[in-house]
Amino acid sequence: MAEPDHHPAEPNKSVDDMSIKGEEPPPEYIVKDTKFGSIESSPPLGPFPVVDVSVFSESSSSSNQDLEQELAKLRSSLSSAGGCFQAIGHGISNSLLDKIREVAIEFFSLPMEEKQKYARAVNEAQGYGSDRVVSEKQVLDWSHRLSLRVFPDDKRRLNLWPQIPQDFSEILNEYATKIKIVTEILFKAIAKSLNLEENSFLNQFGERSLMQTRFNFYPPCLRPDLVHGVKPHTDRSGITILLQDKEVEGLQIVVDGKWYRVPVIPHALVVNLGDQMQVYLCAIAIFVTWCLINIMSNGIYRSPMHRVVTNTKKLRISVASFIEPDPDNEIGPVERLIDEQRPRVYRNVKNYGVINYECYQKGLVALETVQV
Ligand SMILES: O=C(O)CCC(=O)C(=O)O
Ligand SMILES: [Fe+2]
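Predicted model, so just to flag it, every value in this text is computed and none were measured.

With that settled, consider the overall build of the chain. The secondary structure content of the chain amounts to 9 helices and 12 strands. Considering the chain as a whole, with its 372 residues, one finds that 53% of them fall into the buried category. A separation of at least 24 residues holds for 77% of the contacts in the chain among residues at least 6 apart in sequence. When the accessible area of the chain is evaluated, it comes to approximately 16,800 Å², of which 50% is carbon and sulfur surface.

Okay, structure coming up:
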């Protein structure tokens, strides 16, 4: 039966099936528009600093000098140098990081029939499958995802949490709980790096902030030069904490208009800001100019443009956790910070996640569409 007009067709072949059979990517996967730069598997390694976040934790006994040094790295990485850093000293054990990757691979290796039990329904965000199709022109990405809401925990849709491997739910719960703690430490550190009150972001995100964890699977592709694992986008979140594959590279980030590879550091977490933080910080950055000399000289903290490329030989997985405020809250620059000298840059928006997703799937820059 034909799909109704308002649902552009979902892909009829699965990428893992095409990958196993060694099929060339069909036309709907082939990238034609190179507005964001052509696909290169090996651009230079990027200038993404490694930040020891243990110095930010309340129980830390590190010296003031160490704290200032890590805060300086945070500032430079989130403003000019690509909007991303790799966090070590985050307090999550190597064995838990390995376990979450293992259960991801075990799930992905199950027969399609089993995985389909957790299939994403058309027009829903959670579940297993390819990305939702929102436009006839959408170029499809060479990846599958399993997306699950993990917080607030009363909002979990447990029927979409895999039963095989058996310990999947337990490990995800343990991992997500630890990531939440890391996020709280980072929110406080970011506030500190801007000379803001420590709880500024925690208060804005609130007790019931959302956390969505997405397992990304990128099967090998015969023609990595023609497809994206994930097309160029900025994250819709406030902040994203990404566990990369332990061995296989693929993530690239734009710095000053050029693509750079993000190196694999097996037990580090890649941290980047998302659009919702950029909107919020935009107003704050103007408000607190006097204490931001070094940030203002580099622009404000940004949500970086990134993409994933595939390769011919190895499956790549990653586990991304997106933290954002309640979608029913209207977000936007804080009203009292806007006046004639400090004009509004972004309009207020509700449910920004939907705007972000539909824009990037159509090849647009999401934040540009909410500028005034
Ligand atoms: O797989 C990765 O390294 C990044 C994935 C990503 O950008 C995303 O899920 O938003
Ligand atoms: Fe992303």
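Taken in spatial order, the 4 strands make up an open sheet running β6-β11-β8-β9, and their pairing is antiparallel. Two strands lie at the open edges of the sheet, namely β6 (230-233) and β9 (258-261), each paired on one side alone. Neighbouring strand axes in the sheet, compared pairwise and without regard to direction, differ in orientation by 25° on average. Relative to strand β11 (residues 306-308), strand β8 (residues 251-255) runs antiparallel, the two sharing 3 bridges. From the neighbouring strand, Gln 252 faces β11, where its bridge partner is Arg 307.

This brings us to a negative patch on the surface. Together, Glu 102, Glu 106, Asp 167, Glu 170 and Glu 174 line one region of the surface with negative charge. Of all elements in the fold, only α3 (94-108) and α5 (168-193) reach the threshold of two or more residues within the negative patch. With respect to the helices and strands, Glu 102 occurs in helix α3. In this structure Glu 102 comes out as partly exposed when scored by relative accessible area, which is 47%.

Attention shifts here to the site of ligand 1. For ligand 1, the set of nearby residues contains 13 residues, the closest of which are Arg 214, Tyr 218, His 306, Arg 316 and Ser 318. Here an oxygen atom of ligand 1 sits 3.1 Å away from a polar atom, N or O, in the side chain of His 306. Alone, ligand 1 offers 290 Å² of accessible surface; in the complex the protein occludes 98% of this. Only β5 (210-218), β11 and β12 (316-324) provide two or more residues apiece to the shell around ligand 1. Among the residues making up the shell around ligand 1, the classes are represented as 5 nonpolar, 4 polar and 4 charged.

Moving on: the coordination of the iron ion (ligand 2). As a benchmark, a tetrahedral metal site with four donors has ideal angles of 109.5 degrees, while an octahedral site with six donors has ideal angles of 90 or 180 degrees. Around the iron ion (ligand 2), the donor atoms from the protein are His 233 (NE2), Asp 235 (OD) and His 306 (NE2), and they sit 2.1 to 2.2 Å away. Spacing between the donor residues of the iron ion (ligand 2) along the chain follows H-x1-D-x70-H. In this pair, His 233 sits in strand β6 while His 306 sits in strand β11, placing the two residues 73 residues apart along the sequence. Given a relative accessible area of 6%, His 233 falls into the buried group. When its relative accessible area of 8% is taken as the criterion, His 306 is described as buried.

A word on the packing of aromatic side chains. A complete count under the given rule lists 8 aromatic pairs for this structure. Where Phe 108 meets Phe 217, the ring centres are 4.5 Å apart and the plane angle is 15°; that geometry is what we call stacked. On the criterion of sequence distance, the pair formed by Phe 108 in helix α3 and Phe 217 in strand β5 is long-range, its members being 109 residues apart. The pair Phe 108 / Phe 217 is uniform in exposure class, with both members buried. Seen in terms of ring centroids, Tyr 128 and Phe 217 are 6.5 Å apart; in terms of plane orientation they differ by 65°. Their pairing is edge-to-face. Placement of the pair is Tyr 128 in strand β3 (residues 127-129) and Phe 217 in strand β5, with a sequence separation of 89 residues. The ring centre of Phe 151 lies 5.3 Å from the NZ or CZ of Arg 156, which sits over that ring. One Lys or Arg, Lys 180, reaches over the ring of Phe 151 and ends 4.9 Å from the middle of that ring.

Reading guide: rules and limits
Residues numbered from 1 in each chain as written. Chains lettered and ligands numbered in written order. Predicted model: local features only at pLDDT ≥ 70, side-chain atom pairs only at ≥ 80, totals over all residues. Heavy atoms only, no water. Helix = DSSP H or I, 4+ residues; strand = E, 2+ residues; numbered from the N terminus. Buried < 20%, exposed > 50% of the residue type's maximum accessible area, 1.4 Å probe, protein only. Contact = heavy atoms within 4.5 Å. Areas by Shrake-Rupley, 256 points an atom, 1.4 Å probe, with all protein chains shown as cover. Pairing = 2+ DSSP bridges. Axes fitted to C-alpha atoms, helices over the stretch in contact; angles between N-to-C directions. Patch = residues over 30% accessible without salt bridge, like charges linked within 9 Å, V, L, I, M, F, W, Y side chains within 5 Å. Salt bridge = Lys/Arg side-chain N within 4 Å of Asp/Glu carboxyl O. Lys, Arg positive; Asp, Glu negative; His and termini not counted. Charge placed at Lys NZ, Arg CZ, Asp CG, Glu CD. Near = heavy atom within 4 Å. Polar contact = N/O pair within 3.5 Å; in protein donor to acceptor, adjacent residues only side chain to side chain. Nonpolar A, V, L, I, M, F, W, Y, C, P; charged D, E, K, R; others polar. Donors = N, O, S within 2.8 Å, 3.2 Å for Na, K, Ca; no water. Phe/Tyr/Trp six-rings, centres within 6.5 Å; stacked < 30°, edge-to-face > 60°. Lys NZ or Arg CZ within 6 Å of the ring centre and 35° of its normal.

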